[in-house]
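# Remarks on the overall topology
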Amino acid sequence: MAIYKELVKKVSVPSDKKIKQKEYLDKGLLPIIDQGHLLIGGYTDDFTKALACDYPVIVFGDHTKCVKFITFPFAPGADGIKVLQPKKEILPKYLYYGTQYLTFRIEDKGYARHYQHLEKKELIVPPLPEQERIVARIEELFPELDKVVETLKTTKQQLTVYRQAVLKEAFEPLNNAVDMEKIATMLDPHPSHRTPPEVEGGIPYIGIGDIDYDAKIINFNIARKVSAQIAKEHFERYTLQKGDFVMGKIGTIGKPFKLPLPQNYTLSANVILIQPNSEFVLPEFLFWQFTSPYITQQLMKGATATSQPAFGIKKARKLQIKICDIMMQNKILENIQAKMSICDSIEKTVDTALQQAEAMRQSILKQAFEGGI
């Protein structure tokens, strides 16, 4: 047995090498490795950002617990990674799989840092020939599992494409369009745009980054907390109703999310609060339209890029919304909901299968590092 931190040496990541996500390129000469779930987060053409180290290295996502085995030059993402090199007595691939095994045993702390818990864990380190055997056995079992996972992820991507096709088909035939401000109230929840001081034990201050779109929940535990006075100002400014939703206006543009009740939280300056006027538009009808290609295209066209993309409330109020009478809105909603229900059912099955595949991966690693493989 050996303590994890004794098996690795941390590579220094100078602050001038770190690249912020808003600076990522879709294509480029140098890949960027960050703590996201994708192997490569983005690209840069600036080779001065390349991290000087001996490869291979292990990149650990301090917040996300993602573990990556990197064999090529890269630039580091701005936040939350630990770059680790194995010491001589341990094979790089053995350490990589061992890190995954230990990571599964660390309690998920949300957006808190996890490396402090990883470095205290113990890992069995057998002689090098046995390490080679264990690695070979793992890599004999993982490829078939990876194929299954890839197929499942492709199915999820196809569902996303299908959902957009459903929405395009639903709204495209409508010919009448009006300015957003005629059918909904749009508010800047925090008009000063100055982020309020954080207060321990205060009221959650919710932005786009606090929303888990997959789980359809707000992560209140990781959100910034503000004072009761700030909350009072917010509660006097707006009252949330069933069907209200927010959209991102700075950095992340769009991505509507329905707000839960009761109103025991505040909304940050990076969102716009949208309150549909049910006399003219059904809240669900407007929400689905906001997730459709029709609105997405308007948002992309109208976003300005200074230090980061932005879509101000004045532009938002002039978004063109396709409209029809309430009876027709209900018919369109019934059609959308029927098709989306089928998608949701398929996706639930796929998610269950992905969880089973992840459990299988953990089982293989558990056997490998506890002597049963």
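Cut-offs applied
- Residues numbered from 1 in each chain as written.
- Predicted model: local features only at pLDDT ≥ 70, side-chain atom pairs only at ≥ 80, totals over all residues.
- Heavy atoms only, no water.
- Helix = DSSP H or I, 4+ residues; strand = E, 2+ residues; numbered from the N terminus.
- Buried < 20%, exposed > 50% of the residue type's maximum accessible area, 1.4 Å probe, protein only.
- Contact = heavy atoms within 4.5 Å.
- Axes fitted to C-alpha atoms, helices over the stretch in contact; angles between N-to-C directions.
- Parallel < 35°, antiparallel > 145°, perpendicular 65-115°, else oblique.
- Nonpolar A, V, L, I, M, F, W, Y, C, P; charged D, E, K, R; others polar.
- Pairing = 2+ DSSP bridges.
- Core = buried A, V, L, I, M, F, W, Y, C linked by side-chain atoms within 4.5 Å.

A word on the overall build of the chain. Helix and strand counts for the chain come out as 9 helices and 22 strands. Along the three orthogonal principal directions, the C-alpha set of the chain runs to about 75 × 45 × 40 Å. Split into buried and exposed, the 373 residues of the chain put 42% on the buried side. Taking the contacts inside the chain whose residues are at least 6 apart along the sequence as the reference set, 74% of them involve residues at least 24 apart.

What follows is about unusual backbone geometry. Across the junction of Y55 and P56, the peptide omega takes the value 5°, indicating a cis bond. Mapped onto the elements, P56 comes out in the loop between β4 (42–44) and β5 (57–61). Looking along the chain, the bond that leaves L261 and enters P262 is cis, with omega of 10°. Tracing the sequence through the fold places P262 in the loop between β17 (254–258) and β18 (266–267). Backbone geometry places K65, a non-glycine residue, at a positive phi of 65°. Its location among the elements puts K65 in the loop between β5 and β6 (67–70). Backbone geometry places K216, a non-glycine residue, at a positive phi of 60°. Along the polypeptide, K216 turns up in the loop between β13 (211–212) and β14 (217–218). For K216, a relative accessible area of 60% gives the class exposed.

Contact geometry for helix α4 (residues 128–171) and helix α9 (residues 326–369): axes closest at 10 Å, N-to-C directions at 170°. Classified by the angle between their axes, α4 and α9 sit roughly antiparallel to one another. The residue makeup of the contact of α4 with α9, split by class, is 27 nonpolar, 1 polar and 10 charged.

Here we come to the sheet that holds β17. With antiparallel pairing, the 4 strands of this open sheet are ordered in space as β11-β19-β16-β17. Only two strands of the sheet have a single partner each, and these edge strands are β11 (184–187) and β17. If you compare each strand with its neighbour and ignore which way they point, the axes differ by 25° on average. As judged from the 4 bridges shared by β11 and strand β19 (residues 271–276), these two strands associate in the antiparallel manner.

Further remarks concern the pairing of strand β3 (residues 30–33). When a strand is regular, its side chains alternate between the sheet's two faces. What you see with β3 is no split at all: L30 and I32 on one side and P31 and I33 on the other are buried throughout. Relative to β4, β3 is paired through 3 bridges, and the arrangement is antiparallel. Bridging across to β4, P31 finds its partner in Y43.

Here we come to the nonpolar core. Ranked by internal contacts, the top residues of the largest apolar core, which has 34 residues, are Y4, Y97, L123, I138 and F369. Looking at this core, the elements with two or more residues in it are α1 (4–7), β5, β6, α2 (92–104), α3 (115–118), α4 and α9.

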